[in-house]
Amino acid sequence: MRSGVRSRPCALGVWRPRGQQLGCERSGGSALAGSGRAMEQVGVGWATAGLECRSDHGARVGVAFELDDHDVDASDVGGACRPANGRLSSRALRGRLITIEGIDGAGKTTLAAALRDSLEQRGLDIHLLREPGGVDASERVRELVKDPDVRIGARAEALLYAAARAQLVEEALQPLLDAGSWVLLDRFVDSSLAYQGAGRDLGVDQVRTINRFATGGLDPDRTLLLQLDPAVARARSRARLEGLDRLESEADDFFSRTDRAYRELAAADPARIRVIDAGAGPESVLAAALGALEGLID
Ligand code: ATM
């Protein structure tokens with residue numbers, strides 16, 4: 001594939017390469033998916049235009065451009081790549097992946113929308129996505145795994161979530177991050193570790209392994225774990241829903257195992273996973289979430 005100027009992706013990760021404007025060599029989409037954070041990004045804070053170039057040493061370098069007061073020629077930052085229009089900013093750019101986790105009924109969706117608004121007000125280019133879903137194929141998997149009339153074994157379920165995730169990474173997540181965007185993601189690998197690894201008793205390490213393959217090793221920069229007593233969370237989601245889907249119909253001990261696994265994951269990685277008391281009101285939860293992004297937002 002040649003050139004890599006990207007138009008702004010929409011909220012569900014649909015983005016189209018705008019074509020050939022930059023005349024810069026760019027590797028194929030599958031390489032993007034597998035690279036995790038191997039790609040180094042150099043550039044700026046406005047991510048509607050980005051490209052990937054090869055340095056003299058063959059290393060892949062992502063570059064994003066913005067019109068800015070600080071003119072920098074593209075050759076200063078990326079070798080042979082030059083935008084067809086516009087000047088380069090000297091500010092450093094790197095996309096961020098923030099994931100939101102928690103058992104059903106903890107308030108992830110409410111927090112995600114509030115956080116997106118709040119981060120947008122700070123001028124960040126932010127994209128809200130969900131799992132399973134976010135792109136067409138993964139939304140289809142979502143329908144399948146939620147369908148209470150479909151029998152799916154535990155292993156197949158873990159693989160389906162991983163497949164949906166692989167597609168999301170390749171089609172939306174990695175391109176967005178490469179372009180310097182922030183992605184707010186409602187569930188990611190930790191959901192599979194907690195629900196399939198512990199809830200389904202498949203083993204956290206086994207599920208981690210298939211997900212490393214699915215994501216190419218992509219890790220969130222920060223994870224906000226909404227914590228709520230499973231009984232309270234279940235009561236909340238039952239009140240909210242008309243009919244329970246395939247997972248929501250599981251017995252209470254499934255959710256207790258899932259909740260316990262989330263707590264253990266957070267204890268094992270406190271730098272990434274920040275626990276938030278989901279029993280507080282929405283405003284307090286939002287304030288806590290913003291506080292938990294310290295070091296990422298100023
Ligand atoms: P949401 O309704 O929160 O979007 O999640 C879909 C369901 O899929 C949710 N069900 N419940 N209860 C959690 C479940 N799920 C997994 O079991 N594993 C995963 O990897 C993901 C992403 C979701």
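Residues numbered from 1 in each chain as written. Predicted model: local features only at pLDDT ≥ 70, side-chain atom pairs only at ≥ 80, totals over all residues.

Turning our attention to the overall build of the protein. When its secondary structure is counted, the protein shows ten helices and ten strands. Here the protein holds 298 residues, and 43% of them are scored as buried. In the protein, 70% of the contacts between residues at least 6 apart in sequence involve partners at least 24 apart. (Helix = DSSP H or I, 4+ residues; strand = E, 2+ residues; numbered from the N terminus. Buried ≥ 20, exposed ≤ 12 C-beta atoms within 10 Å, placed from the backbone. Contact = placed C-beta atoms within 7 Å.)

All right, on to helix α9 (residues 252-268) then. Two residues of an α-helix separated by three or four positions point the same way, owing to the 3.6 residues in each turn. The end-to-end C-alpha separation of α9 is 25 Å, in line with the 24 Å expected for 17 residues at 1.5 Å each. Of all the positions in α9, only Phe255, Thr258, Asp259, Tyr262 and Leu265 are classed as buried. Summarising the axial view, the buried residues of α9 lie within an arc of 120°, below the 170-degree limit, and thus occupy one face. Residues Asp253, Ala267 and Ala268 are exposed on α9 and point more than 90 degrees away from its buried face. In this fold, the buried residues of α9 make contact with β6 (96-101), α6 (189-199), β9 (222-227), α8 (230-240) and β10 (273-277). (Expected span 1.5 Å × (residues − 1). Arc of directions from axis to C-beta.)

Quick look at the site of the ligand now. Surrounding the ligand, one finds Asp104, Arg130, Glu131, Pro132, Tyr161, Arg187, Ser191, Ser192, Tyr195, Gln196, Leu247 and Glu248. If you tally residues by element for the shell around the ligand, the top one is α6, at four residues. A breakdown of the residues in the shell around the ligand according to their chemical character gives four nonpolar, three polar and five charged. (Near = placed C-beta within 6 Å. Nonpolar A, V, L, I, M, F, W, Y, C, P; charged D, E, K, R; others polar.)

A word on the environment of Leu124. Within the secondary structure, Leu124 is located in the loop between α3 (108-121) and β7 (126-130). Along the primary structure Leu124 and Ser181 are separated by 57 residues, whereas in three dimensions their C-alpha atoms are 7.8 Å apart. Aside from chain neighbours lying at most four places away, what touches Leu124 is Leu119 and Trp182.

Moving on to the nonpolar core. Formed by 53 residues in total, the largest nonpolar core has its most connected members in Leu173, Val183, Leu184 and Leu226. Sorting elements by how many residues they give to this core places helix α5 (residues 154-178) first, with eleven residues. Ignoring any residue separated from it by four or fewer positions in sequence, one finds Leu173 in contact with Leu97, Leu168, Val183 and Leu218. (Core = buried A, V, L, I, M, F, W, Y, C linked by C-beta atoms within 7 Å.)

The next thing to look at is the packing of α6 against α9. Where α6 meets α9, the axes come as close as 8 Å, and the angle between the chain directions of the two elements is 130°. Between α6 and α9, the interaxial angle falls into the category oblique. The two elements α6 and α9 cross, and the hand of that crossing is right-handed. Taking contact as the criterion, the partners of Asp190, Leu193, Ala194, Tyr195, Gly197, Ala198 and Gly199 in α6 are, on α9, Phe254, Arg257, Thr258, Arg260, Ala261, Tyr262 and Leu265. Of the residues contributing to the contact of α6 with α9, the split by class is eight nonpolar, three polar and three charged. (Axes fitted to C-alpha atoms, helices over the stretch in contact; angles between N-to-C directions. Parallel < 35°, antiparallel > 145°, perpendicular 65-115°, else oblique. Left-handed = near helix turned anticlockwise from the far one by under 90°.)

Moving on, we get to unusual backbone geometry. With omega at -15°, the peptide bond leading from Glu131 into Pro132 counts as cis. Examined against the element boundaries, Pro132 turns out to sit in the loop between β7 and α4 (136-146).

This part is about the sheet that holds β9. Here five strands make up an open sheet; going across it, the order is β7-β8-β6-β9-β10 and the pairing parallel. The open sheet terminates on both sides in strands that have one partner only, identified here as β7 and β10. Each neighbouring strand pair of the sheet contributes to a mean axis angle of 20°, computed without reference to strand direction. Two elements, β6 and strand β8 (residues 182-186), share five bridges in a ladder whose sense is parallel. Looking at β8, one finds that Ile98 is bridged to Leu184. Relative to β8, α3 is tilted by about 170°, and along the sheet it contacts β6, β7, β8 and β9. (Pairing = 2+ DSSP bridges.)

Right, let's get into the pairing of β6. With five of its six residues buried, β6 lies for the most part within the structure. Across four bridges, the pairing between β6 and β9 is parallel. Along β9, the bridge assignment pairs Ile98 with Arg222.

Moving on, we come to the confidence of the model for the protein. Low pLDDT means the predicted coordinates in that region are not meant to be read closely. In this model, the protein carries an average pLDDT of 75, and 68% of its residues clear a pLDDT of 70 or more. When the criterion is pLDDT under 50, residues 1-92 qualifies, and its contacts beyond four places in sequence or with other chains add up to 184 contacts. (pLDDT = per-residue confidence, 0-100.)

So, on to the packing of α6 against helix α7 (residues 204-215). At a closest axis distance of 9 Å, the pairing of α6 and α7 adopts a crossing angle of 145°. Here α6 runs over α7; the crossing is right-handed. Taken together, the residues of α7 that come into contact with α6 (itself represented by Val189, Ser192, Leu193, Gln196, Gly197 and Ala198) are Val204, Val207, Arg208, Asn211 and Thr215. Of the residues belonging to the contact of α6 with α7, the class tally is five nonpolar, five polar and one charged.

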